Structure formats: structure tokens, C-alpha cells
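What the coordinates show
Spelled out, the chains give:
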Amino acid sequence: MTLPPGQRAVDGFPRFGTHLHRPPPPVPAAPVIELGGAVTEAVTVSVGDLAKLPRRQLGADFHCVAGWSATGLLWEGVAFETLYRTRVEPLLAADTVISHVSFEGLDGYRSVVLLEDALADDVLVADRLDGRPIDSDHGAPVRLVSPSQYGFVSTKHLCRIAFHTSPPPDPDRWSPIAAHHRARVWQEERHRHLPGRAVRPLYRTLIGPIRALSARGSRKRPR
Ligand SMILES: Nc1nc2c(c(=O)[nH]1)N[C@H]1C(S)=C(S)[C@@H](COP(=O)(O)O)O[C@H]1N2
Ligand SMILES: [Mo]
């Protein structure tokens, strides 16, 4: 099994976000995803309606920027491209050129990617993992999954997608661990200002403690 540079396989699929000990947000009774930003009119798509768009399955490994990889996951959902072409493009004015997309979670989390990366073939708005509805640990009711990019791109508990014609303001811009704006795992694009290799040793020492802190995350995935 080949993993991207600097990654190591872990057992199972830990809950391993930046939220650590915080419990996952409750799932609303009638969850929706808001489509907003540089659209002529913001709309909401119910998660139920989303699931009726043409569906696809995706087998992939999942790579956290801290260096662990969960292998052999099976996701199911709707390609982001399908959502974009059918629900977003009709809302764009003729002279609007989208360059960036942000994905926001019910817990206030947000990731930003280039539109061209979001439209890649392996980017899904997923509602199932390994044959079951996605549980709260992994992003219920729906999450983004972009396995060619580091895990921080894959916003869980997705509730809003915003479309931008220029890079949205980034409060973490000057942080040493500011997210790389492409975050491609095979290019080891971990951070914006630091070479990917440079942070490997530090992260490696943190994986154990982070995993322990991430209360529900130490559970092994049933096979
Ligand atoms: N809403 C939300 N999404 C999130 C995060 C988060 O804290 N909140 N953490 C990100 C990070 S850093 C990683 S590695 C993955 C972890 O996914 P998992 O908890 O399913 O393992 O979720 C990403 N998506
Ligand atoms: Mo991560």
C-alpha cells in the first residue's frame, strides 16, 4: 500500500479534527445546506433533496495533515460537481466567475478551496460511510470528502457552501500553520509558509496525544 509522502496508516478511522474533546454538533431535525455568496439569490437545499441527485461511490484513503491516514474507506453521496452544475450554476449571473468555495460546518468550522479543486472527480458531499449513514463522529448529517487534499478541507456537518469571486478573508493568514491553499496530499502541501517535510517530526509526536484527547476517536472501526 502506498501512502502520500510523510503519511502513516492508523488503525480504524479516529475522529480526528481540530475539535478534539468537543462533542459533535447535534443533527437538526430537517437539515439543509445553504448555497450563498456570489449567487444572485441564496437558496437552501434540503439534505433529503440532495440525496436524490445522481449518486456516486468513492473508495479512498483519508489523510490528516498531522500525518495519519485512514485507509480503505468507502464513501457514498453526490459529487460536488453535480451539485455545482445543477444547483449553483443556474444561480450565477452571466459575468460572475467563481474562483473559491468555502464549506462551513454546524460547529463553525470552515474550509476554503479553489473552485477547480472542488470540481475534481473525487470530491463528494457524502452522506454514507462504509455502507451506513455517516455518524456524528465523522460529520453527520453530510460532509465534504476530498481525499486528494488534507483532511482539513473535508468539512464535516456541512450546513453552508459559499461561492467567491476572489479569496475570502482568512483570519489565519499569518499563522505558521495556515492551511495551504491547495492542500494536495501527493504534493505534500500541508501549510502555506512551511515546507511539508519540516513539520513531520513535530506532528508525529502529537498524533498519540491528540488521538487520546479526541475522546470518542480511539474507537476502532468495526469491520
Ligand atoms: N466541521 C468540522 N469539520 C472538520 C473538522 C472540524 O473540526 N470540524 N476537522 C477537519 C480535520 S483537521 C480533519 S483531519 C478531518 C477529520 O475527520 P474525522 O473526524 O472524520 O476523522 O475533519 C475535518 N473537518
Ligand atoms: Mo486534520
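Attention here is on the structure that accompanies the text. (Residues numbered from 1 in each chain as written. Chains lettered and ligands numbered in written order. Predicted model: local features only at pLDDT ≥ 70, side-chain atom pairs only at ≥ 80, totals over all residues. Heavy atoms only, no water.)

One pass over the full model with this rule turns up 15 salt bridges. Residue aspartate 117 pairs with arginine 182 through a salt bridge whose shortest N-O separation is 2.6 Å. Residue aspartate 117 is located in helix α3 (residues 115-118), and its partner arginine 182 is located in the loop between β11 (158-164) and α4 (200-213); the two are separated by 65 residues in the primary sequence. Classification of aspartate 117 by relative accessible area gives buried; the value is 10%. The class for arginine 182 is buried, based on a relative accessible area of 18%. Across the salt bridge formed by arginine 184 and glutamate 189, the nearest N and O atoms sit 2.6 Å from each other. One network of salt bridges, in which partners are shared, links Arg55, Glu76, Asp127 and Arg128. (Salt bridge = Lys/Arg side-chain N within 4 Å of Asp/Glu carboxyl O. Helix = DSSP H or I, 4+ residues; strand = E, 2+ residues; numbered from the N terminus. Buried < 20%, exposed > 50% of the residue type's maximum accessible area, 1.4 Å probe, protein only.)

We now examine the pairing of β11. Taken across its 7 residues, β11 has 5 buried, putting it largely inside the fold. Across 4 bridges, the pairing between strand β2 (residues 32-37) and β11 is parallel. When the sheet's bridge partners are listed, glutamate 34 is paired in β11 with arginine 160. Judged from the 6 bridges that link them, strand β6 (residues 100-105) and β11 form a sheet pairing that is antiparallel. By the bridge assignment, histidine 100 is partnered in β11 with histidine 164. (Pairing = 2+ DSSP bridges.)

For the rest of this paragraph, the subject is the sheet that holds strand β7 (residues 110-114). What the 5 strands build is an open sheet, ordered β3-β2-β11-β6-β7; its pairing is mixed. Looking at which strands have only one partner, the edges of the open sheet turn out to be β3 (43-46) and β7. With strand direction ignored, the average angle separating the axes of adjacent strands in the sheet is 20°. As judged from the 4 bridges shared by β2 and β3, these two strands associate in the antiparallel manner. Counted as the bridge partner of glutamate 34 is threonine 44 from β3. Along the sheet face, helix α2 (residues 80-88) touches β2, β3, β6 and β11 and points at about 65° away from the line of β11. (Axes fitted to C-alpha atoms, helices over the stretch in contact; angles between N-to-C directions. Contact = heavy atoms within 4.5 Å.)

Moving on: the side chain of arginine 200. Within the secondary structure layout, arginine 200 lies in helix α4. Since its relative accessible area comes to 17%, arginine 200 is described here as buried. At a separation of 2.7 Å, a polar atom in the side chain of arginine 200 contacts the side chain of glutamate 188. Apart from residues no more than four positions distant in its own chain, arginine 200 is found in contact with Pro5, Gly6, Glu188 and Arg190. (Polar contact = N/O pair within 3.5 Å; in protein donor to acceptor, adjacent residues only side chain to side chain.)

With that out of the way, let us pick up the packing of aromatic side chains. Tallied over the entire structure, the rule returns 9 aromatic pairs. Between phenylalanine 62 and tryptophan 75, the ring centres sit 6.5 Å apart and the planes meet at 55°, which makes this aromatic pair tilted. Of this pair, phenylalanine 62 sits in strand β4 (residues 56-63) while tryptophan 75 is found in strand β5 (residues 68-79), placing the two residues 13 residues apart along the sequence. Of the two residues, phenylalanine 62 and tryptophan 75, both sit in the buried class. Taken together, the aromatic side chains of Phe13, Phe62, Trp68 and Trp75 make up a single cluster linked through ring pairs. (Phe/Tyr/Trp six-rings, centres within 6.5 Å; stacked < 30°, edge-to-face > 60°.)

Time to look at the site of ligand 1. In the vicinity of ligand 1 there are 21 residues, among which Pro14, Asp107, His138, Arg143 and Lys156 approach most closely. One of the side-chain N or O atoms of aspartate 107 is found 2.8 Å from a nitrogen atom in ligand 1. Contact distances for ligand 1 include 2.8 Å between an oxygen atom and a side-chain N or O atom of arginine 143. (Near = heavy atom within 4 Å.)

Attention now goes to α2. Taken as a whole, α2 has its buried residues at Phe80, Leu83, Tyr84 and Val88. For α2, the arc enclosing every buried residue in end-on projection is 100°, short of the 170-degree limit, so these residues lie on one face. (Arc of directions from axis to C-beta.)

For α4, built from 14 residues, the straight-helix expectation of 20 Å at 1.5 Å per residue is met to within 8% by its first-to-last C-alpha distance of 20 Å. Along α4, the helix axis deviates most sharply at isoleucine 207, where the bend reaches about 35°; the proline proline 209 sits within four residues downstream. Buried within α4 we find Arg200, Tyr203, Ile207, Ile210 and Arg211. Looking at the packing, one finds that the buried side of α4 touches β5. (Expected span 1.5 Å × (residues − 1). Bend = angle between axes of the 7 residues up to and from the residue.)

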